[in-house]
Amino acid sequence: MPRPLGELEDAVMTRVWKWNRPVTVREVLEDLQKERSIAYTTVMTVMDNLHQKGWVRRESEGRAYRYEAVSTRAAYAAALMNEAWSRSDNAAAALVAFFGMMSEEQRRALQDAMRIVQLPETPETDDGDAGTPAGENPDSRDEPGGR
């Protein structure tokens, strides 16, 4: 399970995730320098550490590397939440406390996510019921009042 990223690691990964393409240390450095004073070697070390931890993969390009995210920010956040939840001795209580901390916007996002996860599976055609409307029992066609 992932460890939470440190502040500078998160700042670097935020750019890698946002740009969604292979990036160089120089590109990340120049963007970070808009917000803070930071040395090339610091950014290079952070990106190398992220590579060692498995957060980014890299390919050699001349004398430099191009770094690319291994997974999405959403996957990272989900893994952190799962890790924290798995450490609880009372999962239900942890969820209740977590839900209590959510903003209204976060609650709406949770409701949207739950609707997506709970979508019914579409019947496959191999069982002969593909033409049955959702919610209808396919055997009801043979019953009185059925189709």
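My aim in this report is to walk through the structure given alongside it, one point at a time. (Residues numbered from 1 in each chain as written. Predicted model: local features only at pLDDT ≥ 70, side-chain atom pairs only at ≥ 80, totals over all residues. Heavy atoms only, no water.)

Secondary structure assignment for the protein chain yields six helices and two strands. Mapped in sequence order, the helices and strands of the protein chain form the string α-α-α-β-β-α-α-α. Counting the 147 residues in the protein chain, one finds 22% classified as buried. Once local pairs closer than 6 in sequence are excluded, the contacts in the protein chain between residues at least 24 apart make up 42%. For the protein chain, the accessible area works out to roughly 10,700 Å², and carbon and sulfur atoms hold 52% of it. (Helix = DSSP H or I, 4+ residues; strand = E, 2+ residues; numbered from the N terminus. Buried < 20%, exposed > 50% of the residue type's maximum accessible area, 1.4 Å probe, protein only. Contact = heavy atoms within 4.5 Å. Areas by Shrake-Rupley, 256 points an atom, 1.4 Å probe, with all protein chains shown as cover.)

A separate point is the pattern of salt bridges. Oppositely charged side chains are able to pair whenever their charged atoms sit close together. If you walk through the whole model with that rule in mind, you get 14 salt bridges. Arg-21 is paired through a salt bridge with Glu-27; the nearest N and O atoms lie 3.2 Å apart. For Arg-21, a relative accessible area of 34% corresponds to the partly exposed category. Residues participating in the shared-partner salt-bridge network are Arg-15, Asp-31, Lys-34 and Glu-35. (Salt bridge = Lys/Arg side-chain N within 4 Å of Asp/Glu carboxyl O.)

Quick look at the packing of aromatic side chains now. What the rule picks out here adds up to four aromatic pairs. Taking the centre distance of 6.2 Å and the plane angle of 50 degrees together, the rings of Phe-98 and Phe-99 count as tilted. Given the relative accessible area of 37%, Phe-98 is considered partly exposed. The ring of Tyr-65 carries Arg-58 above its face, with NZ or CZ at 4.1 Å from the centroid. (Phe/Tyr/Trp six-rings, centres within 6.5 Å; stacked < 30°, edge-to-face > 60°. Lys NZ or Arg CZ within 6 Å of the ring centre and 35° of its normal.)

A few words now on the nonpolar core. Counting 22 residues, the largest nonpolar core has Val-12, Met-13, Leu-32, Val-43, Met-47 and Leu-50 as its most contacted members. Of all elements in the fold, only helix H1 (7-19), helix H2 (25-32), helix H3 (40-52) and strand E2 (64-69) reach the threshold of two or more residues within this core. Sort the elements by how many residues they give to this core and H1 lands first, with six residues. If sequence neighbours within four positions are ignored, Leu-32 has contacts with Leu-8, Ala-11, Val-12, Arg-15, Ile-38 and Val-43. (Core = buried A, V, L, I, M, F, W, Y, C linked by side-chain atoms within 4.5 Å.)

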